[in-house]
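Chain by chain, the residues run as shown.
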Amino acid sequence: MESRENPHDNTEPHLSWETPEYKEYAKTTDWFWGIGIVSFSIAFLAVISGNVLFGIFIILGTALLFVYAIKKPQVLRVVISERGIEINDALFPYKSLESFVVTDNENSPALLLKRSESLRHHIVLPLADGVHPKTVREHLKHHLPEAELREPFSHTVTEYIGF
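Residues numbered from 1 in each chain as written. Predicted model: local features only at pLDDT ≥ 70, side-chain atom pairs only at ≥ 80, totals over all residues. Heavy atoms only, no water.

## Looking at the environment of K27
Alright, step 1. Mapped onto the secondary structure, K27 falls in the loop between β1 (15-20) and α1 (29-48).
Alright, step 2. Residues K27 and I70, spaced 43 residues apart in sequence, show a C-alpha to C-alpha distance of 8.3 Å. (Helix = DSSP H or I, 4+ residues; strand = E, 2+ residues; numbered from the N terminus.)

## Let's talk about the pairing of strand β6 (residues 110-115)
Alright, step 1. Counting buried residues in β6 gives five out of six residues, a clear majority hidden from the surface.
Alright, step 2. As defined by bridge partners, β6 adjoins strand β7 (residues 122-126) across five bridges and the pair is classed as antiparallel. Residue L112 lies in a different strand from β7, and its bridge partner there is V124. (Buried < 20%, exposed > 50% of the residue type's maximum accessible area, 1.4 Å probe, protein only. Pairing = 2+ DSSP bridges.)

## Regarding the sheet that holds β6
Alright, step 1. A sheet is described by the order of its strands in space; here three strands give the open sequence β5-β6-β7, paired in antiparallel fashion. Strands at the two margins of the open sheet, each flanked by one partner only, are β5 (97-103) and β7. Looking at each pair of strands side by side, their axes are set apart by 15° on average, direction ignored.
Alright, step 2. Packed onto the sheet, helix α3 (residues 133-140) meets β5 and β6 and runs at close to 160° relative to β5. (Axes fitted to C-alpha atoms, helices over the stretch in contact; angles between N-to-C directions. Contact = heavy atoms within 4.5 Å.)

## Some remarks on α3
An α-helical turn contains 3.6 residues, so any two residues separated by three or four positions project in the same direction.
Alright, step 1. For α3, every residue scored as buried is listed here: P133, V136, R137 and L140. What you see down the axis of α3 is that its buried residues fit within an arc of 100°, all on one side.
Alright, step 2. The inward-facing, buried residues of α3 abut β1, β2 (75-80), β3 (84-87), β5 and β6. (Arc of directions from axis to C-beta.)

## Some details on the packing of aromatic side chains
Alright, step 1. Scanning the entire structure with this criterion turns up three aromatic pairs.
Alright, step 2. Consider the rings of W31 and F32, whose centres lie 5.0 Å apart with planes at 85°: the pair is edge-to-face.
Alright, step 3. Overall, the relative accessible area of 18% leaves W31 in the buried class.
Alright, step 4. Ring geometry for F54 and F57: centres 6.5 Å apart, planes at 25°, overall stacked. One end of the pair, F54, and the other, F57, are both in helix α2 (residues 52-70), three residues apart, so they sit about a helical turn from each other.
Alright, step 5. Owing to a relative accessible area of 36%, F54 belongs among the partly exposed residues under this scheme.
Alright, step 6. What makes F57 exposed here is its relative accessible area of 57%.
Alright, step 7. Among the aromatic side chains, those forming a connected cluster through ring pairs are W31, F32 and F66.
Alright, step 8. The ring of W31 has K27 lying over it, and the distance from NZ or CZ to the ring centre is 5.8 Å. (Phe/Tyr/Trp six-rings, centres within 6.5 Å; stacked < 30°, edge-to-face > 60°. Lys NZ or Arg CZ within 6 Å of the ring centre and 35° of its normal.)

## Some words on the confidence of the model for the protein
One rule of thumb: low pLDDT means the predicted coordinates there are not for detailed reading.
Alright, step 1. Here the protein shows a mean pLDDT of 83. Residues at 70 or above account for 82%.
Alright, step 2. The spread of mean pLDDT over the elements of the protein runs between helix α4 (residues 153-160), the lowest at 67, and α1, the highest at 96.
Alright, step 3. Throughout residues 1-10 the model reports pLDDT below 50, and contacts reaching past four residues in sequence, or to other chains, amount to 20 contacts. (pLDDT = per-residue confidence, 0-100.)

## Comments concerning the pattern of salt bridges
Alright, step 1. Here the structure, examined in full by the defined rule, presents six salt bridges.
Alright, step 2. The closest approach of N and O atoms between R83 and E86, which form a salt bridge, is 3.9 Å.
Alright, step 3. The buried category is assigned to E86, whose relative accessible area is 11%.
Alright, step 4. Salt-bridge contacts for E146 lead to R137; the nearest nitrogen and oxygen are separated by 3.0 Å. (Salt bridge = Lys/Arg side-chain N within 4 Å of Asp/Glu carboxyl O.)

And the structure:
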């Protein structure tokens, strides 16, 4: 469970970096038109088939997708210390984490953490340009077991559609 202890204590961080919470992709007006046309077509078919509630759900979902699409990614400050992994002001003690893996993908290396008690089991943290995956692995292997983890399906889908 995440703890909101005072992050400004005397504990020296082992490693820290700042990174956007996700890679920002430029979305053209064609992207918005494409998503809008497909969504409104599905909503129209839902209404014609008598499922008005589903049609409304599609329209609201599309509106939320558009709002999220124009939102700029938040900058995350990640600190790995003896106490745990801190993301902005939220501390995740090592005892609340099951395992980790550092992906060495050249395009988007990331730290994947598996939480032990949460509905959101995985945390995906992109590595900053100056942070080497091997360095992160060396810092974490003393506190957590390294396991084979994959990016959550939802994360893969959002990257595919340009989020």
